[in-house]
Amino acid sequence: MKNARFLFLLAILLSSLNGISQQSKIEINGIILDESKTPVPFVSVGIVEKYIGTASTEDGEFSFLVTKNELQDSLSISSLGFNSYKIKVADYLKQEKKEIVLTETVTELDAVNILKPAEYVNLAKKGLKQNTISNFHQVELLYRSATTENGKAKFLVENYIKIESRGLASYFGEIQVAESRKSADYRIWKPDSKWHSINILAQFNPLRPNNSSHKRNLKKFIWKKIGDSSYEGEDVVILEGHNPKKKWEKIIFYIGIDSYKVYRIERGNSLYIYKNHESGKLVLSYYKHDWNLSKNRIPEEHRSILKETHFKAEAFVYKVITDKKKIKVSPYGINVDIGMIDIPYNSDFWNNLSAPPDTKFYKRIKDGLESLYGVPLERQYEIVNKK
């Protein structure tokens, strides 16, 4: 009887250990190159069926975590202008060189089948609900915001944010800043905004309804075709639009000629990259902006010292949750300046987060802050943030 009890307990223990082993994290990293060995930026890399993955940085590098449960799944790589690529996760991990070389797609669109540029834009707007996840869902992302003054890095904040969304065709729902950490703050001018800067992600997107003034203006833009591309087998037309009333305002759309999906948006110094979800609809993958504050908006008492101020940000989307039972967003932090958010520093969370490889943006800010203070950024996080 004792032996039977012992074997029973041993079986439970082994089962528990096996469960833990199955959930142990395995890092998948590497670099995406074209045939000339040039890094390819903003490539969608991951396991589409499970929405596990990331986007490559400007240097073509990527990194994310999986478990043993994903070893037999396919690693999918998709990028504008290149043929899609797939490889079993286990096979990729066996490779000595963690490189993925993409072959360029040759695109020659037949002029007979091409609509007028403005028609593509109009059809893309009409197709937003069909082409993006428009059902209630949750998006989770890593959001980095930095301030530079007179060309020098002065402040960095990193947030892990949860957002209720219904896709591009709708407003953001509730927003929760779930985790936060910031560097030492050496700004000359410390503006106190009433809103978190994540709002800019929505406000600068010319397709969102809460950017209605720009959405109406799209009809008045002068559009022209400036190139061709492709995405996962679909030909893509590249369109550039100019606002006749604002000479500085330019927007570039990458639109599928069959689906009218918008795969990429460039507006000024803002960039939006979208990728296919397992449903076949698009979700945001990567975002960045660089906002130069005009000198006349800087308080007069600082203008003699402060020649220019840039607000830079980037975001990597980590999760998209479509199961309504698993959606949970507790509103917090959206009505507060990003530099004033008061969340205890959770070192365990940040140490275990599968952070993307350092981007050019992040490297410049990190190097600048460490040079300015003579203190490593990780140490600044430990000193500055409340435990």
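Residues numbered from 1 in each chain as written. Predicted model: local features only at pLDDT ≥ 70, side-chain atom pairs only at ≥ 80, totals over all residues. Heavy atoms only, no water.

## Considering the overall build of the chain
Per the secondary structure count, the chain includes 9 helices and 17 strands. A buried classification covers 50% of the 387 residues belonging to the chain. Just so you have it, the chain exposes about 19700 Å², and 51% of that area is on carbon and sulfur atoms. (Helix = DSSP H or I, 4+ residues; strand = E, 2+ residues; numbered from the N terminus. Buried < 20%, exposed > 50% of the residue type's maximum accessible area, 1.4 Å probe, protein only. Areas by Shrake-Rupley, 256 points an atom, 1.4 Å probe, with all protein chains shown as cover.)

## Quick word on unusual backbone geometry
Despite not being glycine, Phe42 has its phi angle at roughly 55°, a positive value. As for its position among the elements, Phe42 is in the loop between strand 1 (26-33) and strand 2 (44-47). The class for Phe42 is buried, based on a relative accessible area of 12%. One non-glycine residue, Asn150, adopts positive backbone phi at about 50°. Structurally, the position occupied by Asn150 is in the loop between strand 8 (137-149) and strand 9 (152-165).

## Considering the packing of aromatic side chains
Taken as a whole and assessed by the stated rule, the structure comprises 14 aromatic pairs. Where Phe62 meets Tyr92, the ring centres are 6.3 Å apart and the plane angle is 35°; that geometry is what we call tilted. Remark: Tyr92 occurs in helix 2 (residues 89-94) and Phe62 occurs in strand 4 (residues 61-66); sequence separation between them is 30 residues. On the basis of relative accessible area, Phe62 is assigned to the buried category, the value being 1%. Consider the rings of Tyr345 and Tyr381, whose centres lie 6.5 Å apart with planes at 35°: the pair is tilted. Pair noted here: Tyr345 is in the loop between strand 17 (309-321) and helix 7 (347-352) and Tyr381 is in helix 9 (residues 377-384), with a separation of 36 residues, a long-range link. These aromatic residues form a ring-pair network of at least three members: Tyr160, Tyr318, Phe349 and Trp350. Arg144 extends its terminal NZ or CZ atom over the ring of Tyr362, reaching a point 3.9 Å from the ring centre. The ring of Phe204 has Arg267 lying over it, and the distance from NZ or CZ to the ring centre is 5.3 Å. (Phe/Tyr/Trp six-rings, centres within 6.5 Å; stacked < 30°, edge-to-face > 60°. Lys NZ or Arg CZ within 6 Å of the ring centre and 35° of its normal.)

## Side note on the pattern of salt bridges
Within this structure, the stated rule accounts for 21 salt bridges. As a salt-bridge pair, Glu99 and Lys37 come within 3.7 Å of each other at their nearest N and O atoms. Of the two residues, Glu99 is situated in strand 7 (residues 99-101) and Lys37 in the loop between strand 1 and strand 2; the sequence distance between them amounts to 62 residues. Linking Lys225 and Asp228 is a salt bridge whose minimum nitrogen-to-oxygen distance equals 2.9 Å. On the basis of relative accessibility, which here comes to 38%, the residue Lys225 falls in the partly exposed class. We classify Asp228 as partly exposed; its relative accessible area is 29%. One network of salt bridges, with partners in common, ties together Arg144, Glu158, Arg181, Glu314 and Glu378. (Salt bridge = Lys/Arg side-chain N within 4 Å of Asp/Glu carboxyl O.)

## Overview of the side chain of Asn385
With respect to the helices, strands and loops of the structure, Asn385 is situated in the segment after helix 9. Reaching out from Asn385, the side chain makes a polar contact with the backbone oxygen of Lys182 at a distance of 2.9 Å. At 2.8 Å, the side chain of Asn385 and the backbone oxygen of Tyr381 are in polar contact. Among all residues touching Asn385, those that are not within four sequence positions of it are Ser180, Arg181, Lys182, Tyr345 and Gln380. (Polar contact = N/O pair within 3.5 Å; in protein donor to acceptor, adjacent residues only side chain to side chain. Contact = heavy atoms within 4.5 Å.)

## Things to note about the domain arrangement of the chain
As assigned here, the chain comprises domain 1 (23-101) and domain 2 (117-385). With centres defined by C-alpha atoms, the gap from domain 1 to domain 2 works out at 23 Å. Of the residues lining the interface, 22 residues belong to domain 1; the matching set on domain 2 comes to 32 residues. Both sides of the domain 1 and domain 2 interface together cover about 2200 Å² of buried area, and 56% of this is carbon and sulfur. On the surface where domain 1 and domain 2 come into contact, there are 3 salt bridges. We note a salt bridge from Lys360 to Asp59, for which the minimum N-O separation is 3.9 Å. Put simply, the parts of the chain that give the side of domain 1 that touches domain 2 at least two residues each are strand 3 (52-55) and strand 4. (Domains from an automatic or database assignment. Buried area = accessible area lost by both parts, 1.4 Å probe.)

## Section: the sheet that holds strand 2
Strand order across the open sheet formed by 4 strands is 3-2-5-6, with antiparallel pairing between neighbours. One side of each edge strand has no neighbouring strand; the edge strands of this open sheet are strand 3 and strand 6 (85-88). Each strand of the sheet is rotated relative to its neighbour by a mean of 15°, with strand direction disregarded. (Pairing = 2+ DSSP bridges. Axes fitted to C-alpha atoms, helices over the stretch in contact; angles between N-to-C directions.)

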